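Topology and contacts: notes
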Protein chains: 2
Amino acid sequence: MVNPPSIDELFDSASGGDRRALGKLLTMVEQRGDAAAAVSEQAHRSAGRAKVVGVTGAPGAGKSTITGRLAATSGAARPAILAIDPSSPLTGGAILGDRIRMDNHVSSGAFIRSMATRGHPGGLAVAVPDAVRVLDAAGCDPIFVETVGVGQVEVSIAAAADTTVVVVTPGWGDAVQANKAGLLEVADIFVVNKADRPDARGARRDLELMLDLGHRGDWRAPIVLTTAIEGTGIDELWTEIERHTAHLHESGDLNRRRCRRRRDEVTDRIEVGLRDQVQRIISSESGEAALGRVDQHEISPATAAKLLLDALNPNNPCEGT
Amino acid sequence: MVNPPSIDELFDSASGGDRRALGKLLTMVEQRGDAAAAVSEQAHRSAGRAKVVGVTGAPGAGKSTITGRLAATSGAARPAILAIDPSSPLTGGAILGDRIRMDNHVSSGAFIRSMATRGHPGGLAVAVPDAVRVLDAAGCDPIFVETVGVGQVEVSIAAAADTTVVVVTPGWGDAVQANKAGLLEVADIFVVNKADRPDARGARRDLELMLDLGHRGDWRAPIVLTTAIEGTGIDELWTEIERHTAHLHESGDLNRRRCRRRRDEVTDRIEVGLRDQVQRIISSESGEAALGRVDQHEISPATAAKLLLDALNPNNPCEGT
């Protein structure tokens, strides 16, 4: 019998390019628990070297194709792609699955990992930074994080990158102008994909107009037209990403961004921990009693929550002791 | 000087059909604080009479038009529409705004209220049930809750209804099949809108197939084809909504659903309360110290979160006293 490799050994192998070892570390992180904490701790010590690029946009905008092409165009020895699957909200199952993702990303040469949201916004907010950290510590660079950019959680995940690329397509119409606006503030670079369609120029004009109205700070998001399926415009897009990286370094924004990201992550992790406590409270005797009173329309859910929160935190009586 | 009307007086006026009083109560609920708690408490006492219909689907699917038409078709004296605006994730500002919503809903005769997510998933999960409660207590019925159905938070809000209608359009393509699958489990009724487009039947066939594979329980979601802009299919859709209402009553599912909803709401409210505490912890001296160690790569964000969580809960030392 051979002992399973230690975390140190797995990191050594992963850093040497062993994809199976890297996959194992990512699985450990996904499954949480003590092993996940140890992997995260180890990875954090050496993480922070890789360029992290978020790619987001509406479903069907061509994000996977763009990401795969970018990974190939980067010329990097070990690019990685973390593709976030929107999960079914009830069962927590992944929708797309590895197979489809792989097809879309095929031939990029990148290490590709598909991650499901597992039906829990909080869980994803915690799992993705850890996965990025592991890829980073294992020497992958650049790291692309790809999400569907419509929901708040999904957008915020893609926005937690050094450079955030927002992909739109021509002819979305009014309703999706809304999304463009929602994505405006997180975009460092805009891509109008499927630029061979008739109204690509119109889409660019709309974006320019919005940037004129909403632009702040000393970086104005460039707009790149691509036809990713044919590879058109990808070189230019990669150049803009590198230009943004240089800007981040020169302006000092890189440190500020990463510092804020770490702060957000600690907050998210505390919330996840608290959520476990909430479940305990709700299932407790006093939780059931409070819910019963809500069902009888005696007290509102707000009041029930307040009663249970007060019960959780015996801080006040202890103060001054 | 005249005193502002009391909460009781506002409810009296709102119940009598005074839209301004109703609007005021909803604003109070949105702004939170003590007044919100009092309004919620008062509303909860008499709420639970209205039929609540969630309408969700991709951006541009025609949800607003369908909802407006349904409100008119219902023949109800006082239908209400709660339209949830996806907010910009960074500033928390609403994207669509009342004006556009109003245009889309025009001529439905319904009381229409637009609500912004304010950049905070938790906030919305709490504000929407309270708004529904106020509308219900004020005698509005049916109440439509309309959200963009792509993100998890957004879908779960629309799913927190007696009947959830999921709107799709023909020709979404593979990528958005994913969304259909994500929405499959929350859908009590499917609508294929823009059914005058060529591949409407294909969309219906895809849905039927997915229902064949994934259908559980004793209600199979019917699929209704509509061309909402012309009003086609809306009568049939309303009939299906009423059929589902009857099913909920007969099967006892209505009580089960509402009971689960109240439980979820209490959970959400506790989480929001805890989140405030998290912010306090993060900003405290020990919070800053822990973040500093994360920045120095001494400890991982996970470890920092654990240290701070332990600091929040002095329960263990107090146990047994």
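Every value quoted in this text rests on a predicted model; they were computed, and no experiment measured them.

Thoughts on the environment of G57(B)
Residue and element names in this part refer to chain B. Take G57: it is sitting in strand β1 (residues 52-57). Judged by relative accessible area, G57 falls into the buried class, the value being 0%. The sequence separation of G57 and V148 amounts to 91 residues, and the corresponding C-alpha distance is 5.6 Å.

Thoughts on helix α3 (residues 33-46) of chain A
All of the buried residues in α3(A) are A36(A), V39(A), S40(A), E41(A), Q42(A), A43(A) and H44(A). Just downstream of α3(A) lies G48(A), where phi reads positive at about 115°.

Things to note about unusual backbone geometry
Residues and elements named next belong to chain A. Between D141 and the following residue, P142, the backbone shows a cis peptide bond with an omega angle of -5°. The topology assignment puts P142 in the loop between α6 (121-137) and β4 (143-148). Of note in this structure, H297 is not a glycine but carries a positive phi near 60°. Within the fold, H297 resides in the loop between α12 (285-295) and α13 (301-312). Judged by relative accessible area, which is 23%, H297 ranks as partly exposed.

Considerations on the pairing of β4(A)
Residues and elements named next belong to chain A. Counted residue by residue, β4 has six buried out of six residues, so it is predominantly covered. Taking every second residue as pointing to the same face, both faces of β4 are buried, with I143, V145 and T147 on one and F144, E146 and V148 on the other. Inspection of the sheet shows strand β2 (residues 80-85) paired to β4 by four bridges, in the parallel sense. Looking at β4, one finds that L82 is bridged to V145.

What to know about the packing of aromatic side chains
The geometry of an aromatic ring pair comes down to the distance between the two centres and the angle between the two planes. Residue and element names in this part refer to chain A. Under the defined criterion, the tally for this structure stands at two aromatic pairs over all chains. Here F144 and W238 contribute two aromatic rings whose centre-to-centre distance is 6.4 Å and whose plane-to-plane angle is 55°, an arrangement assigned as tilted. In this pair, F144 is assigned in strand β4 and W238 in helix α10 (residues 234-251), connecting sequence segments 94 residues apart. By relative accessible area, which is 8% here, W238 ends up buried.

Some details on the packing of helix α4 (residues 63-73) of chain A against α10(A)
Residues and elements named next belong to chain A. Viewed as axis vectors pointing N to C, α4 and α10 meet at an angle of 75°, and their least axial separation amounts to 10 Å. When the interaxial angle is binned, α4 and α10 end up roughly perpendicular. Across from I66, R69, L70 and T73 in α4, the residues of α10 making contact are I234, D235, L237, W238 and I241. Of the residues assigned to the contact of α4 with α10, the class counts are six nonpolar, one polar and two charged.

Examining the sheet that holds strand β2 (residues 80-85) of chain B
Strand pairing in a sheet relies on backbone hydrogen bonds, with the paired strands running either antiparallel or parallel. Residue and element names in this part refer to chain B. Spatially, the seven strands line up as an open sheet ordered β3-β2-β4-β1-β5-β6-β7, and their pairing is parallel. Every other strand in the sheet has two partners, leaving β3 (111-116) and β7 (223-225) as the edge strands with one partner each. Strand-to-strand, the axes of this sheet are offset by a mean angle of 20°, without reference to chain direction. Pairing between β1 and strand β4 (residues 143-148): six bridges, direction parallel. Along β4, the bridge assignment pairs V55 with E146. On top of the sheet, helix α4 (residues 63-73) reaches β1, β2, β4, β5 (163-168) and β6 (189-192); it is set at about 175° to β4, its chief contact. Here helix α10 (residues 234-251) sits on the sheet in contact with β1, β4, β5, β6 and β7, set at roughly 150° to β5.

Conventions used here
Residues numbered from 1 in each chain as written. Chains lettered and ligands numbered in written order. Predicted model: local features only at pLDDT ≥ 70, side-chain atom pairs only at ≥ 80, totals over all residues. Heavy atoms only, no water. Helix = DSSP H or I, 4+ residues; strand = E, 2+ residues; numbered from the N terminus. Buried < 20%, exposed > 50% of the residue type's maximum accessible area, 1.4 Å probe, protein only. Pairing = 2+ DSSP bridges. Phe/Tyr/Trp six-rings, centres within 6.5 Å; stacked < 30°, edge-to-face > 60°. Axes fitted to C-alpha atoms, helices over the stretch in contact; angles between N-to-C directions. Parallel < 35°, antiparallel > 145°, perpendicular 65-115°, else oblique. Contact = heavy atoms within 4.5 Å. Nonpolar A, V, L, I, M, F, W, Y, C, P; charged D, E, K, R; others polar.

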